[in-house]
Amino acid sequence: MLETQGSLDLSGDPRRLRHERTVRRVFLSAAVFTILVSVAIVLSLVGEAVAFLQSIASEVEEGLGSLFADGWFPRRDRFDLRTIVWHTLAVSGIAMTVATPLGLGAAIYLSEYAKPGVRRVLKPVLEILAGIPSVVLGYFALRFITPDILRNIWDTTQQSNLMAAGIGVGILIIPLVSSVSEDAMQAVPRSLREASYGLGAKKWHTSLRVVFPAALSGIVAALILGLSRSIGETMVVAIAAGATGGSLLQLSPLNGGQTMTGAMASLAIGSDQVAGGVAAFQSLFFVGLLLFLMTLVLNIGSERLVRRFRQKY
Amino acid sequence: MSTRMELASTVVEDAVSPGPSAGLAGSAGSSAIFEIQDLNVYYRDFHAVTDTSLNIYQNEITALIGPSGCGKSTVLRCLNRMNDLIDGARVEGRVTYHGIDLYGSSVDPVEVRRRVGMVFQKPNPFPKSIYENIVFGPRVAGWKGNFDDLVEETLVRAALWDEVKDKLENSAFDLSGGQQQRLCIARAIATSPDVVLMDEPCSALDPIATYRIETLMRELKKQYTIVVVTHNMQQAARVSDRTAFFSVDVGEEGQRTGRLVEYDMTDRVFTAPSMKETEDYITGRFG
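Read on for a plain summary of the structure. These numbers come from a predicted model, not from an experiment.

**What to know about the interface of chain B and chain A**
Contacts between the two partners involve 25 residues from chain B and, on the opposite side, 21 residues from chain A. Approximately 1,900 Å² of surface area, both sides summed, lies buried where chain B meets chain A, with 64% of it carried by carbon and sulfur atoms. Looking at the side of chain B facing chain A, the largest losses of area belong to Pro127, Phe136 and Val140 of chain B, adding up to 26% of the total buried there. Our enumeration of links across chain B and chain A arrives at one salt bridge. In this structure, Arg77 of chain B engages Glu194 of chain A in a salt bridge whose closest nitrogen and oxygen atoms are separated by 2.9 Å. Joining chain B to chain A, the criterion identifies four residue pairs in polar contact (both at pLDDT 80 or more). Secondary structure elements with two or more residues in the side of chain B that touches chain A: helix 3 (109–115), strand 6 (116–119), helix 4 (130–140) and helix 7 (177–189) of chain B.

**Looking at the side chain of Glu112 of chain A**
All names here are of chain A. Relative to the helices and strands, Glu112 resides in helix 2 (residues 81–113). Here Ser111 takes part through its side chain, which lies 2.6 Å from a polar atom of the side chain of Glu112. Not counting residues within four places of it along the chain, the set of residues in contact with Glu112 comprises Met185, Arg193, Lys203, Ser207 and Val211.

**Section: the pattern of salt bridges**
When charged atoms on two side chains of opposite charge get close, those side chains can pair. Applying the stated rule across the entire model yields 29 salt bridges over all chains. Here Arg242 of chain B makes a salt bridge to Glu60 of chain B, at a shortest N to O gap of 2.6 Å. Placement of the pair is Arg242 of chain B in strand 9 (residues 242–250) and Glu60 of chain B in the loop between strand 2 (46–57) and strand 3 (61–65), with a sequence separation of 182 residues. Across this residue pair, the class does not change: Arg242 of chain B and Glu60 of chain B are buried. One salt bridge in this structure joins Lys221 of chain B and Asp241 of chain B, with 3.0 Å as the shortest N-O distance. With Lys221 of chain B in the loop between helix 8 (207–220) and strand 8 (225–229) and Asp241 of chain B in the loop between helix 9 (233–239) and strand 9, the pair connects residues that are 20 residues apart, well separated along the chain. Overlapping salt bridges bring together Arg119, Lys123, Glu127, Glu182 and Asp183 of chain A as one network.

Calculation criteria
- Residues numbered from 1 in each chain as written.
- Chains lettered and ligands numbered in written order.
- Predicted model: local features only at pLDDT ≥ 70, side-chain atom pairs only at ≥ 80, totals over all residues.
- Heavy atoms only, no water.
- Contact = heavy atoms within 4.5 Å.
- Buried area = accessible area lost by both parts, 1.4 Å probe.
- Salt bridge = Lys/Arg side-chain N within 4 Å of Asp/Glu carboxyl O.
- Polar contact = N/O pair within 3.5 Å; in protein donor to acceptor, adjacent residues only side chain to side chain.
- Helix = DSSP H or I, 4+ residues; strand = E, 2+ residues; numbered from the N terminus.
- Buried < 20%, exposed > 50% of the residue type's maximum accessible area, 1.4 Å probe, protein only.

Structure (C-alpha cells):
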C-alpha cells in the first residue's frame with residue numbers, strides 16, 4: 001500500500017503539463033491562422049468589390065449600367081455580368097452532363113459489379129486521373145476535342161469554344177464524382193444488399209433501387225462538389241474556351257467565350273494584364289466575390305438537400 | 001425422386017409414432033423439399049462444413065442448432081444460394097430443391113431466391129416506407145396486381161397489420177426492433193415463397209418480441225416451410241419439428257470445421273439424443 005503521510009503528490013509532472021499546453025497552443029494557432037486567412041480573403045474581396053462598384057458608378061459613363069453592357073470588355077469599361085455568368089453556367093452544364101453519367105456509372109460498376117480484384121486495380125487508376133494537371137486537360141481539349149471530335153460533328157466549331165472546355169472540365173471532375181459517390185455506395189451496409197438479393201432481386205435492381213437511394217445523400221454531395229469544382233475551374237477554360245481580351249455573349253457553346261474564371265485569368269496574365277485601368281483591375285475581385293458566393297450557395301444548398309434526402313440505415 | 005420421398009415419409013412416421021406428441025402427426029405426410037447430400041462448403045481454403053446430409057420437409061419448422069462456427073448459417077445459406085454473394089465460397093455435394101439440383105448450371109439464383117425467401121439476424125428493412133418494403137420483392141419480380149391488397153394481406157398474415165395499418169407511409173425505421181423483424185418476415189412472404197429461411201431471427205430482440213415471432217412462425221408453417229438457425233436451444237425446442245445439431249471440429253492449426261452430429265425429430269433430440277455430443281451440448285456441458 002501507498003503511504004499517505006502528506007507526501008502523496010497527485011499534481012503531475014510540471015514539465016509534462018507544460019508540454020501539453022505548448023502542443024495545444026501550436027494546434028490552436030494553426031486553426032486560428034487558417035480561419036484568419038479565410039476571413040482576410042473574404043474581407044479583401046468584399047472591400048475591392050465595393051470599391052469596384054463605387055468607381056464604375058462615379059467614373060464610368062454608363063455608371064452601374066455597365067454591368068449589363070454589351071459584352072465583357074473590362075478595358076473598355078464594359079462589364080456585362082450576364083456574358084461571363086452565362087458562359088460559366090454553359091461550361092458547368094456541359095461538364096456535369098459529361099461527368100454525371102460517366103462518374104456515377106463508374107461508381108456503380110466499381111461498388112456493385114466489379115470483383116474485388118478488379119476494383120483494387122481500377123479504383124486507384126481512376127484516382128490517378130484526378131492527378132492530371134488541369135493545364136494538360138486544357139491542351140487536350142484545345143488540340144484533340146475541338147479539331148478531332150467537335151469539328152467532325154459541327155464543322156462551324158470555333159477554334160476556342162465553350163463545348164470543348166466543358167467536356168475537358170467534365171473529364172477533370174469524373175474522378176471526383178465517381179470516387180465520392182463510390183464511397184457513399186460502399187458505406188451502404190451489406191445487410192441491405194443481402195435483404196434485396198434474398199428477395200430475388202437482380203443485381204441491377206439491387207444497385208438502382210436499394211444501394212443507389214440509400215447512398216443518395218452522398219451521391220448528391222458528390223455531384224455538388226463536382227459542380228463547385230467545375231464553376232471554379234480556370235486553366236481548362238482559359239486555354240480551351242479562349243477569347244482573350246473580352247467576349248460577347250455567345251448563346252452557342254460552339255463559339256468561344258470567357259467564363260468568370262477565364263475572364264479573371266485573362267485580366268491577370270499575358271498581354272491583357274491590367275496595368276492602369278483601375279476599374280478593370282478591381283473587377284477581378286468583384287467577379288471573384290461572385291464566384292465565391294455561387295459556390296457558397298451551392299455548398300449550403302447541398303447541405304440542406306443532403307439532410308432532406310438522407311436515408312438512415 | 002418418388003421412391004426417395006416415400007422413404008422419407010416412412011422415416012417420419014417411424015420417428016413420430018412412438019413419440020408423445022400427437023401434434024406432430026400432421027407432418028407425417030409431408031415430403032422432402034430439400035435434400036442435402038454430402039455437402040461440403042469452403043471459403044477459399046477454409047473448410048466450413050463437412051459431409052452434411054439432411055432433408056428438409058414441407059410445412060415443418062426445421063431448426064439448425066450448435067455452437068458458434070459450426071456452419072449452421074452456412075448450411076442455411078446454401079438453400080437459397082446466398083453463399084454465392086461471398087467471394088471465394090465454394091459448394092460441393094448435392095443440394096436439391098423439389099428434386100432439382102440447386103447448383104446445377106442452368107439454375108438462376110434469382111429464381112431460387114424468389115421461392116426461398118430469407119430473414120436475417122438483424123432486422124434489415126430498407127430505408128423506405130413500410131409499404132415500399134412489402135412491395136419491393138413483388139415489384140422487382142415484375143408482379144402485376146393490386147399492391148394495396150397485397151400489402152394488407154401480407155401484413156395481416158405477418159400479424160403486423162393492426163399495428164401499422166395507419167402508418168404504411170411511415171419509414172420502416174419508425175418501428176420497434178421486433179416490429180421491424182416482423183416487417184422483414186412480411187417482406188419475405190410478400191413474394192409468395194415456398195420456403196422461408198431464418199438466420200437467428202430473434203437474436204437481436206427482447207423476449208416479448210421473440211415470443212411474438214415464435215407464434216408467427218408456428219402460424220406460418222401451415223403455408224410455408226421454415227428453416228431456422230438459432231443459438232437459443234429453448235427456441236428450437238419450442239418451435240421446431242425437427243432439429244439438426246451441428247458441432248465444430250478444431251483442426252491442428254485451429255481451423256474450425258462444422259459437422260452435422262445428429263438430426264431427428266425435435267422431441268427426440270431434446271429428450272433422448274442418440275449421440276453423447278448432443279446430450280452434452282443440450283445439457284450445457286459443452287466444450
